[in-house]
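The chain contents come next:
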Amino acid sequence: MVSTAVPAPTAPARVVSPWNPANAVTASRFLCLPPFVWAVHGGHHQWATIIILVCGLLDKLDGLVAKIFDCRSPFGEMFDAITDGICYGFCLLVVAWYGWAPAIPVAAILILGLANTAMRGIYAKRAGRTVNYKSYAMERIVAYTGYLIGFATGGMEVTYFFWAYVPMMTIIVLHDAKRMLIDAVPGAQL
Amino acid sequence: MTATQFKWFLTILTGGLAGVWVIYDLWNLSRLRGKDTSDPIVADKRFGYYMGILIGVVGVVGVLRFHGVV
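Predicted, not measured: the structure shown is a model, and the values here were computed from it.

Some points on the packing of helix α5 (residues 103-127) of chain A against helix α7 (residues 158-181) of chain A
Residues and elements named next belong to chain A.
- Axis separation between α5 and α7 bottoms out at 10 Å; the angle between their running directions is 15°. If you check the angle between α5 and α7, you find them roughly parallel. The hand of the α5/α7 crossing is left-handed.
- For the contact of α5 with α7, the residue count by class is 18 nonpolar, 3 polar and 3 charged.

Focus: the environment of G59 of chain B
- By the secondary structure assignment, G59 of chain B is in helix α2 (residues 40-66).
- When the C-alpha positions of G59 of chain B and G16 of chain B are compared, they lie 9.3 Å apart, and in sequence the two are 43 residues distant.
- Apart from the residues within four sequence positions on either side, G59 of chain B is in contact with F161 of chain A together with T14 and A18 of chain B.

What to know about the confidence of the model for chain A
- Taken as a whole, chain A shows an average pLDDT of 87; of its residues, 90% reach a score of 70 or greater.
- This stretch, residues 1-5 of chain A, has a pLDDT under 50; its non-local contacts, to residues over four places away or in other chains, come to 11 contacts.

Brief notes about the interface of chain A and chain B
- Each side of the interface is counted separately: chain A has 27 residues, and chain B has 30 residues.
- For the chain A and chain B pair, buried surface summed over both sides reaches about 2,400 Å², with 73% attributable to carbon and sulfur atoms.
- The largest per-residue losses of area from chain A upon contact with chain B belong to Y136, R140 and M156 of chain A, which jointly make up 27% of the total buried on that side.
- At the junction of chain A and chain B, the tally comes to 3 salt bridges.
- Taken together, the elements giving at least two residues each to the side of chain A that touches chain B come down to α3 (45-68), α6 (136-154) and α7 of chain A.
- The residue inventory of the side of chain A that touches chain B, partitioned by class, reads 15 nonpolar, 7 polar and 5 charged.

Focus on α2 of chain B
Residues and elements named next belong to chain B.
- Compared with the 39 Å implied by 1.5 Å per residue over 27 residues, the 38 Å span of α2 between its first and last C-alpha is a close match.
- The backbone nitrogen of I41 lies 3.0 Å from a side-chain oxygen of the residue at the head of α2, namely D39.
- Positive backbone phi, at 75°, marks G68, one or two positions downstream of α2.

Side note on the nonpolar core
- Formed by 66 residues in total, the largest nonpolar core has its most connected members in F36, I141, Y144, L148, I149, F161 and F162 of chain A.
- In terms of residue count, the dominant contributor to this core is α7 of chain A (13 residues).
- Once residues lying within four places of it in the same chain are set aside, the contact partners of F161 of chain A are Y144, L148, F151 and M156 of chain A together with T14, V58, G59, G62 and V63 of chain B.
- Of all hydrophobic cores here, the second largest spans 7 residues; its members include V22, L32, Y49 and I53 of chain B.

Here is what the cut-offs are and how they apply
- Residues numbered from 1 in each chain as written.
- Chains lettered and ligands numbered in written order.
- Predicted model: local features only at pLDDT ≥ 70, side-chain atom pairs only at ≥ 80, totals over all residues.
- Heavy atoms only, no water.
- Axes fitted to C-alpha atoms, helices over the stretch in contact; angles between N-to-C directions.
- Helix = DSSP H or I, 4+ residues; strand = E, 2+ residues; numbered from the N terminus.
- Parallel < 35°, antiparallel > 145°, perpendicular 65-115°, else oblique.
- Left-handed = near helix turned anticlockwise from the far one by under 90°.
- Nonpolar A, V, L, I, M, F, W, Y, C, P; charged D, E, K, R; others polar.
- Contact = heavy atoms within 4.5 Å.
- pLDDT = per-residue confidence, 0-100.
- Buried area = accessible area lost by both parts, 1.4 Å probe.
- Salt bridge = Lys/Arg side-chain N within 4 Å of Asp/Glu carboxyl O.
- Expected span 1.5 Å × (residues − 1).
- Polar contact = N/O pair within 3.5 Å; in protein donor to acceptor, adjacent residues only side chain to side chain.
- Core = buried A, V, L, I, M, F, W, Y, C linked by side-chain atoms within 4.5 Å.
- Buried < 20%, exposed > 50% of the residue type's maximum accessible area, 1.4 Å probe, protein only.

What follows is the structure, encoded as structure tokens:
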């Protein structure tokens, strides 16, 4: 791996407690998982769709709360990304398990998601600190992932949306892999 | 919610956001015109906006398929 570190811009360090309102909102997303399983198990398509919608809205809300309470932190961003992965990964497994979504694309999505998570870990290691890799394309495909689960629960063009997702996610993971593993890390601690 | 209401709920939620997203990322992309493409942040934004447009188009086409238009 080529590693050309770029010196960090000098700014006063501000410590934000991980016990803050934004992280509480992020953590509350895990509360959506048990009712989601209940809804899918009981065949309640509309309830399952509404629960995943609430989970997605909480994802948007935590950023807003972080802004309002001025408690943004690298840990919070990382926690948000991990929560996205766990919540959406779990829900994808559930819909595939109950036959509401095709298994092959779900498996491909989970493998790509795990590969991306591993690369984020390597990126944080290269940076020498807790840092969340910022990717505009990944932000968009993560929103699509939330929708994917909604398409499965709502029975909306499930095959089309799941198979369309896989090549786009592959392109984005490959693009981000170069930046995370090869390109210089801004603000790396030498 | 009846089946028809639910279908339209999904349509508005998906088609509405996807359509707005295409326009939003087209606008974002137009704002990047003339910026230094060798800057990795500009390059990442550009790539992200292109993918956003593509995702939006996939969403709109999906909604049209859902209603049997395409």
